[in-house]
Amino acid sequence: MSLVSEIKNIDGHFTSTLFILFLSIVAPGVLTIYLYLPELFIKLDSMKFVLFAISLSLPVFVLNGVIVRICEDYEDELDFQLTGISAGIMSSVIMFSSLAISYVFVLNFYNFLKIVFAFEVLFFIVSLFIYRKNVYKNNLKHESKVAVE
């Protein structure tokens, strides 16, 4: 098989998953380094730079993945790719919003981390509220089915 035929066989869902994972894991770390330590662009080689960028944004991604996984409906089939996409989107929103606020208001790294933490807490509270609402709705559906039978 040639490289061209392999590229033709790649589906859109896989490509979009890779794109979202790149935007949620690598890109926020790179922007964080550029905002707070721009001299590292010149000093570090590419492998160390990418690993450092990933280490800055991966904890947010993992935390969002755990939150999304906890709040998913367990009656549906487990789809870890969908969990990764959801966690990636939320991580991107949280990190890029925090970076934008830090850039506009010229905040230091410590205040940037406070903003990320505040967004994470807000996301957790909203997710918990939606989860509790869905559990309550599913319990009502289940009770109405039992009452009919």
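Residues numbered from 1 in each chain as written. Predicted model: local features only at pLDDT ≥ 70, side-chain atom pairs only at ≥ 80, totals over all residues. Heavy atoms only, no water.

Chemist: What am I meant to see in helix α5 (residues 80-104) here?
Modeler: Structural remark: α-helix, 3.6 residues per turn; residues separated by three or four positions point the same way. Here α5 is 25 residues long and its end C-alpha atoms lie 35 Å apart, about the 36 Å a rise of 1.5 Å per residue gives. Three or more residues of α5 are buried, namely Thr83, Gly84, Ile85, Ala87, Gly88, Ser91, Ser92, Ile94, Met95, Ser98, Leu99 and Ser102. Backbone geometry just downstream of α5 places valine 106 in the positive-phi region, at approximately 50 degrees. (Helix = DSSP H or I, 4+ residues; strand = E, 2+ residues; numbered from the N terminus. Expected span 1.5 Å × (residues − 1). Buried < 20%, exposed > 50% of the residue type's maximum accessible area, 1.4 Å probe, protein only.)

Chemist: Is there a simple way to explain the environment of isoleucine 89 in this structure?
Modeler: Examined against the element boundaries, isoleucine 89 turns out to sit in helix α5. Between the C-alpha atom of isoleucine 89 and that of isoleucine 20, which follows or precedes it by 69 residues, the distance is 6.7 Å.

Chemist: Sorry, what's going on with the packing of helix α2 (residues 12-36) against helix α4 (residues 46-71) here?
Modeler: Contact geometry of α2 with α4 gives a least axis separation of 7 Å together with a crossing angle of 115 degrees. Both α2 and α4 take part in a crossing whose hand is right-handed. Every residue of α4 that contacts α2 at Leu21, Ser24, Ile25, Val26, Pro28, Gly29, Val30, Thr32 and Ile33 is listed here: Phe49, Phe52, Ala53, Ile54, Leu56, Ser57, Leu58 and Phe61. When its residues are assigned to classes, the contact of α2 with α4 shows 13 nonpolar, 4 polar and no charged. (Axes fitted to C-alpha atoms, helices over the stretch in contact; angles between N-to-C directions. Left-handed = near helix turned anticlockwise from the far one by under 90°. Contact = heavy atoms within 4.5 Å. Nonpolar A, V, L, I, M, F, W, Y, C, P; charged D, E, K, R; others polar.)

Chemist: What is the right way to read the packing of α2 against α5 from this model?
Modeler: The angle between the axes and the distance between the axes are what describe a pair of packed helices. Where α2 contacts α5, the two axes come as close as 9 Å, and the packing angle between them is 25 degrees. In terms of their interaxial angle, α2 and α5 are classed as roughly parallel. Handedness of the crossing formed by α2 with α5: left-handed. (Parallel < 35°, antiparallel > 145°, perpendicular 65-115°, else oblique.)

Chemist: Just checking my understanding: could you explain unusual backbone geometry for this structure?
Modeler: Most peptide bonds adopt trans geometry, and most residues besides glycine take a negative phi value. Positive phi is not limited to glycine here, since valine 106 has a value of about 50 degrees. Note on placement: valine 106 falls in the loop between α5 and α6 (109-148).

Chemist: What's the story with the nonpolar core in this structure? I'm lost.
Modeler: One broad rule of soluble globular proteins: the nonpolar side chains tend to lie buried together. Listed in full, the 10 residues of the largest apolar core are Tyr36, Val60, Ile67, Val68, Ile94, Met95, Leu99, Phe112, Val116 and Phe123. Listed by contribution, the elements that provide at least two residues to this core are α4, α5 and α6. (Core = buried A, V, L, I, M, F, W, Y, C linked by side-chain atoms within 4.5 Å.)

Chemist: Could you clarify how one ought to interpret the packing of aromatic side chains in this entry?
Modeler: Each pair of aromatic rings is reported with the distance of its centres and the angle of its planes. Taken as a whole, this structure holds 5 aromatic pairs when the rule is applied. The interplanar angle of 75 degrees and the centroid separation of 5.3 Å between the aromatic rings of tyrosine 34 and phenylalanine 41 together place this pair among those described as edge-to-face. Overall, the relative accessible area of 53% leaves tyrosine 34 in the exposed class. When the ring of phenylalanine 109 is compared with that of phenylalanine 112, the centres are 5.8 Å apart and the planes differ by 35 degrees; the resulting orientation is tilted. Note that phenylalanine 109 and phenylalanine 112 are positioned in helix α6 at a spacing of 3 residues, about one turn of the helix. Members of the aromatic cluster, each reached through a chain of ring pairs, are Tyr34, Phe41 and Phe49. (Phe/Tyr/Trp six-rings, centres within 6.5 Å; stacked < 30°, edge-to-face > 60°.)

Everything listed here is a matter of geometry and, on its own, says nothing about what the molecule does.
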